[in-house]
Structures are given as C-alpha cells and as structure tokens.
Amino acid sequence: MSVEIEAKMRLTDRAATLERLHELKAERHAEILETNTYFDTEKNRLKSADEGLRIRVEQHADGSQRATITHKGPRAHGRVKSRSEHEVSVDDPRAAGDLLSSLGYVPVLSFEKRRMRYLLDGCCVELDSLPYIGEYIEIEGPTEDQVLAMRERLGLDKAPLVRASYIAMLDDYIREHRLQTSMIRLDPARRGGGGEAGGNGGNGGSGGGNGTAAATSA
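(A) Layout of the side chain of Glu 6. One can find Glu 6 in strand E1 (residues 2-10). Assessed through its relative accessible area of 3%, Glu 6 is described here as buried.

What follows is the structure, given as structure tokens:
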C-alpha cells in the first residue's frame, strides 16, 4: 500500500506554468491520453465510504500502453489531499473489467483525460485537460511539505486548492446539466493536439481539454 499526497489547482495560465517548469529544468516525462473507468456497487457503497475503484488505460505518445486497477481509500484531513492507494498493473483492461463485474462492481462513469507529466525534485507535476470542467494541475510528492513547497516554486501558492476528485466534479456536472451518459470522450480535435498523447483507451472513457467533449449515451 502507498499513500497518495497531492495538491490540485485549476490551471489558469498553462503557458506561464510550462515556462516556469522549463525555467526550473523539470524533466518532461510523459504525454498521455488516459481512459478512466470508475466502478461501484449497485448501491454506491464505495462512493458513500469516500473510496474509489478505477481501471485506467494510458496511451503514451510513443505508442506504448499501460493499464492499472487502483483502489483509493477515504481522504485524510490536511491541507492537501492524502489517501491510501493500492494499484496493480494488468495486461488486459477488458478482462480486468469483467473480473470486477464478477465481484459485484459495475462501471458508473468513464472519461478521457489528456495529461502532460513532469518530474522535478522528487515531485510529479501533471497538467490535465478534461471535458466540461477544464484544465487543472496536480502536484504529487512524498510529503505534504514537499508538495506545498513545489506549489510555491511554481508560483501557484495563491491558487485555491481543489479537494474534489475529477470523477466527483464530472459527476456533479452531469447531474447539474441532466446529461444522460456514462461515457465522456475528448473532442477528436483535442485528443492529440499540441504534440500531446493521442489514441484511444480500452475499457470505457472520455474527456475534453478545453471544456469541450463528446458525450455518449449509456
């Protein structure tokens, strides 16, 4: 088991953040198109317990693919988001989905996300583009102090912290706008633009980088 410690903020000036990462000599580690499919019981037991169960398929810009099953525990109290995390790699995401279904879990929402990942002084800095809810930056590190210090180095210490998960924000958006969908896909024009990752994921998925998206009815 590992502990995920991260700070999330809305990304209001992508160009300035990229320039700052360049100034700090951050390593541009990966360009990814993710497909995230979240599972729960019919009675939403995991959501009620503030837990998450996800299959993620990553399509990297170099053509490689990685798939994982991840369980996240309840969020702990603190300035940044901290929660336990169990993650295992899988060879076949569809078979993994079938396995979860056989255990009583059902897919509740899938979405795509475009991500650029940088590594800097022990922290992972990720710039994310999602459908409907826009762009965000996540800083993950080994301790809360290191995460907050990196936030300050990037000039984001005045930016409000976002506690909600992407799945929660997208679920709220869907409910508020009364969308009948369980899959949200990136607009095709945004899925691989700007040299970032393209391609499609495996089991479910969708999202959109500038707030645009294509929703597929369940």
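(B) Fine view of the nonpolar core. One finds Val 125, Ile 137 and Leu 154 to be the most contacted residues of the largest nonpolar core, which totals 22 residues. For this core, the secondary structure elements donating two or more residues are E1, strand E6 (106-120), strand E7 (123-130), strand E8 (134-140) and helix H4 (144-153). Setting aside its immediate chain neighbours within four residues, Ile 137 contacts Ala 7, Lys 8, Met 9, Leu 11, Thr 17, Val 125, Glu 126, Leu 127, Leu 154 and Leu 156. Core analysis: the second largest hydrophobic core is formed by 12 residues, Tyr 166, Ile 167, Leu 170 and Ile 184 among them.

(C) Examining helix H1 (residues 14-23) more closely. Buried residues of H1: Arg 14, Thr 17 and Leu 21, and no others. Buried residues of H1, viewed axially, fall in a sector of 65°; they line one side. Among the exposed residues of H1, those pointing more than 90 degrees away from its buried face are Ala 15, Glu 19 and His 22. Of the surrounding elements, those touching the buried residues of H1 are E6, E7 and E8. Of the residues flanking the end of H1, it is Lys 25, one or two places downstream, whose phi is positive at about 60°.

Parameters and conventions
- Residues numbered from 1 in each chain as written.
- Predicted model: local features only at pLDDT ≥ 70, side-chain atom pairs only at ≥ 80, totals over all residues.
- Heavy atoms only, no water.
- Helix = DSSP H or I, 4+ residues; strand = E, 2+ residues; numbered from the N terminus.
- Buried < 20%, exposed > 50% of the residue type's maximum accessible area, 1.4 Å probe, protein only.
- Core = buried A, V, L, I, M, F, W, Y, C linked by side-chain atoms within 4.5 Å.
- Contact = heavy atoms within 4.5 Å.
- Arc of directions from axis to C-beta.

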